[in-house]
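Notes for the structure review
Spelled out from the first residue to the last, the chains are:
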Amino acid sequence: MSIELFLLAEKVISAASKKTCRLAFAESCTGGLIASTLTSVPGASSIFMGSAVTYSNDAKRDILGVGQDVLDQFGAVSAACAEQMAFGAKRIYRSEVAVSVTGVAGPDGGTVEKPVGLVWFGYSCSEKTISFMRHFVGDREMVRAQTVREALEFLLKELS
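Here we summarise the structure given alongside this text. What you are looking at is a predicted structure, and each value in this text was computed from that prediction instead of being measured.

Here we look at the overall build of the chain
When helices and strands are counted, the chain shows 6 helices and 5 strands. Helices (α) and strands (β) of the chain occur, in sequence order from the N terminus, as α-β-α-β-α-α-α-β-β-β-α. Expected size for 160 residues packed as a compact globule is a radius of gyration near 15 Å; at 14 Å, the chain falls within 12% of this value. Of all 160 residues assigned to the chain, the portion counted as buried reaches 50%. Considering only contacts within the chain whose residues lie at least 6 apart along the sequence, 63% involve residues at least 24 apart. For the chain, the accessible surface area stands at approximately 7500 Å², while carbon and sulfur atoms represent 55% of it. Side chains of the chain give 16 positive and 17 negative charges; the mean places of these two sets differ by 6 Å.

A short note on the sheet that holds strand β1 (residues 23-27)
Across the sheet, 5 strands lie side by side as β2-β1-β3-β4-β5; this open sheet has mixed pairing. In this open sheet, the two strands that pair with only one neighbour each are β2 (48-53) and β5 (129-135). In this sheet, neighbouring strand axes are inclined to one another by 15° on average, regardless of whether the strands run parallel or antiparallel. In the sheet, β1 pairs with strand β3 (residues 97-103) via 5 bridges, with the strands oriented parallel. Across the sheet, the residue bridging to Ala-26 is Ser-100, located in β3. Sitting on the sheet, helix α6 (residues 140-159) touches β1, β3, β4 (118-124) and β5, and the angle it makes with β4 is about 25°.

A closer look at the nonpolar core
One finds Val-12, Leu-23, Leu-38, Leu-152, Leu-155 and Leu-159 to be the most contacted residues of the largest nonpolar core, which totals 36 residues. Mapped by element, the contributors of at least two residues to this core are α1 (3-18), β1, α2 (33-39), β3, β4 and α6. At 8 residues, α6 tops the list of elements feeding residues into this core. Ignoring anything within four residues of it in the chain, the contact list for Leu-38 reads Ala-9, Val-12, Ile-13, Leu-23, Phe-25, Ala-44, Ile-47, Phe-48 and Leu-152. Counting 12 residues, the second largest nonpolar core, distinct from the first, contains Ala-26, Leu-64, Met-85 and Ala-98.

Side note on the environment of Leu-33
Among the structural elements, Leu-33 can be located in helix α2. Not counting the four nearest positions on each side in its chain, Leu-33 is found in contact with Glu-27, Arg-144 and Val-148.

Some points on the pairing of β5
As defined by bridge partners, β4 adjoins β5 across 7 bridges and the pair is classed as antiparallel. Across the sheet, residue Gly-122 finds its bridge partner in β5, namely Ser-131. Between β4 and β5, which follow one another and run antiparallel, lie 4 residues.

Some remarks on the pattern of salt bridges
According to the stated counting rule, one finds 7 salt bridges in the structure shown. Arg-134 is paired through a salt bridge with Glu-150; the nearest N and O atoms lie 3.3 Å apart. Taken as a pair, Arg-134 in strand β5 and Glu-150 in helix α6 lie far apart in primary sequence, 16 residues in all. What makes Arg-134 partly exposed here is its relative accessible area of 33%.

Some words on the environment of Gln-146
Tracing the chain through its elements places Gln-146 in helix α6. When its relative accessible area of 23% is taken as the criterion, Gln-146 is described as partly exposed. For the pair Gln-146 and Leu-5, spaced 141 residues apart in sequence, the C-alpha separation works out to 10.0 Å. Not counting the four nearest positions on each side in its chain, Gln-146 is found in contact with Phe-136 and Val-137.

The rules behind these values
- All chains use their own residue numbering, which begins from 1 and follows the written sequence.
- Per-residue local features of the predicted model are confined to residues with pLDDT of at least 70, and side-chain atom pairs are confined, for both listing and counting, to 80 or more; whole-chain, interface and lining totals are unaffected and use all residues.
- Neither water nor hydrogens contribute to the side-chain values; these are computed over all heavy atoms in the structure.
- Think of it this way: any DSSP run of H or I at least four residues long counts as a helix, any run of E at least two long counts as a strand, and we number them from the N terminus.
- Atoms counted for the radius of gyration: C-alpha only. Globule rule: 2.2 Å times the number of residues to the power 0.38.
- Throughout this description, buried means an accessible area under 20% of the type-specific maximum (1.4 Å probe, protein chains only), exposed means over 50%, and partly exposed covers the range between.
- Contact criterion: two residues are considered in contact whenever any of their non-hydrogen atoms come within 4.5 Å of each other.
- For the area figures, the Shrake-Rupley method with a 1.4 Å probe applies, and any residue is considered shielded solely by the protein chains shown.
- The positive count covers Lys and Arg only, the negative count covers Asp and Glu only, and His and the chain ends enter neither.
- Every charge is mapped to an atom, namely NZ of Lys, CZ of Arg, CG of Asp or CD of Glu.
- Being paired, for any two strands, means DSSP has found at least two bridges between them.
- For every element, the axis is a line fit to its C-alpha atoms; helices are fit only across the contacting stretch, and the angle between N-to-C directions ranges from 0 to 180 degrees.
- Side-chain atoms within 4.5 Å are what join buried Ala, Val, Leu, Ile, Met, Phe, Trp, Tyr and Cys residues into a set we call a nonpolar core.
- Salt bridge, as used here: a side-chain nitrogen of Lys or Arg that lies within 4 Å of a carboxyl oxygen of Asp or Glu.

If you want it as structure tokens, here you go:
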């Protein structure tokens, strides 16, 4: 992990602590890297509840409560799935805020509609559940690292 990501994680923990806001994640394409980055910072346990690494569609459905209809109609890499993943993580971890990521890290698995590097982010708090998409360029590890950075930067903005 880069020092830049560590410092970003420190800022997220500080912002969440000031608001006494508990955080949770639901991760697919990052496979737990967001949680790993956050927990590399001493004191993360004061605000971090957990992260559900739901790599398979079955796990997204059975653990987070993503609707089978969403998976069938839109797929795992979609706005609807990202939103339901974030909402599910907030519910199961009883956190005030949750962020989810689901995407195509590569090198395989991309399609014309969902190319390698496409990542959907979900965000859920008491006021709203939303999603947004980014398309990253690079190899698998670069896509995953950029996804972690984007998730933490977005979360920091929402907490500020």
